[in-house]
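# What the coordinates show
Take a look at the letters that make up each chain.
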Amino acid sequence: MISRLEELEREDAAPADLVPRVRVRTGDGRWLSVQASRLVTAAGGRQVAVILEPAAPAELAPLIVRAYALTVRESQVASRVLQGLSTKEIAGSLFISPATVQQHLKTVFDKVGVRSRRELVGRVFQQQYRPRLTTGSRVGPDGWFADPPG
């Protein structure tokens, strides 16, 4: 992570606000977002800060659908299903026909090993939410998990 930050700093074309970020899964099934950032002290010294924070749901949906070797378009469709969009809404947001959405969904279902949207959402729930609920984690106001109680 730090070496990537240093590499970006050496690249003239890299935007100054570009921050290396990865998502990692902990042993207890939690997802963290890890990023490195450069700090400049008042005296002009340079330090690196590595920031660990719970990964937001929006960061996880693409990661989860990639685990099933979905194409880019299949991932886009599956992510929108996980967000609760209808076929018509998905078609409109991706500028494709509802029939094409249904074709992509059929392929997604085959790859994930489910037969419906409900089963797809259930599979993600079983893999991501249920393990955290059984450890006593509470769901926060953003729909993801707050830290487990003290």
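In the block above lies the structure referred to throughout.
Below you will find a few notes about this structure. (Residues numbered from 1 in each chain as written. Predicted model: local features only at pLDDT ≥ 70, side-chain atom pairs only at ≥ 80, totals over all residues. Heavy atoms only, no water.)

The next point concerns the overall build of the chain. Helix and strand counts for the chain come out as six helices and three strands. Scored against the burial criterion, the 150 residues of the chain give a buried share of 29%. Sequence-distant contacts, at least 24 apart, represent 34% of the contacts inside the chain between residues at least 6 apart. (Helix = DSSP H or I, 4+ residues; strand = E, 2+ residues; numbered from the N terminus. Buried < 20%, exposed > 50% of the residue type's maximum accessible area, 1.4 Å probe, protein only. Contact = heavy atoms within 4.5 Å.)

Position of P54 relative to the elements: it lies in strand β3 (residues 46-54). Sequence separation of P54 and V24 is 30 residues, and the distance between their C-alpha atoms is 9.8 Å. Beyond its immediate chain neighbours, meaning those up to four positions away, P54 contacts W31, L32 and S33.

For the rest of this paragraph, the subject is helix α4 (residues 87-94). Regarding α4, the residues found buried are T87, I90, A91 and L94. Summarising the axial view, the buried residues of α4 lie within an arc of 100°, below the 170-degree limit, and thus occupy one face. Count one or two residues on from α4 and you reach F95, which has phi positive near 60°. (Arc of directions from axis to C-beta.)

Here is the key point about a regular strand: its side chains alternate between the two faces of the sheet. Two elements, strand β2 (residues 31-40) and β3, share nine bridges in a ladder whose sense is antiparallel. By the bridge assignment, Q35 is partnered in β3 with I51. Where β2 hands over to β3, the hairpin turn is made up of five residues, of which G44 adopts a positive phi near 90°. (Pairing = 2+ DSSP bridges.)

In this structure, R123 sits in helix α6 (residues 117-134). On the basis of relative accessible area, R123 is assigned to the partly exposed category, the value being 29%. For the pair R123 and V112, spaced eleven residues apart in sequence, the C-alpha separation works out to 8.6 Å. Ignoring any residue separated from it by four or fewer positions in sequence, one finds R123 in contact with Y68, V112, G113 and V114. A polar atom in the side chain of R123 sits 2.7 Å from the backbone oxygen of V112. (Polar contact = N/O pair within 3.5 Å; in protein donor to acceptor, adjacent residues only side chain to side chain.)

Let's shift gears to unusual backbone geometry. Backbone geometry at A69 places phi at a positive 60°, although glycine is not the residue there. Summarising the element assignment, A69 is placed in the loop between α2 (57-66) and α3 (72-82). Under the relative-accessibility criterion, A69 is labelled exposed at 58%. Although it is not a glycine, F95 adopts a positive phi angle of roughly 60°.

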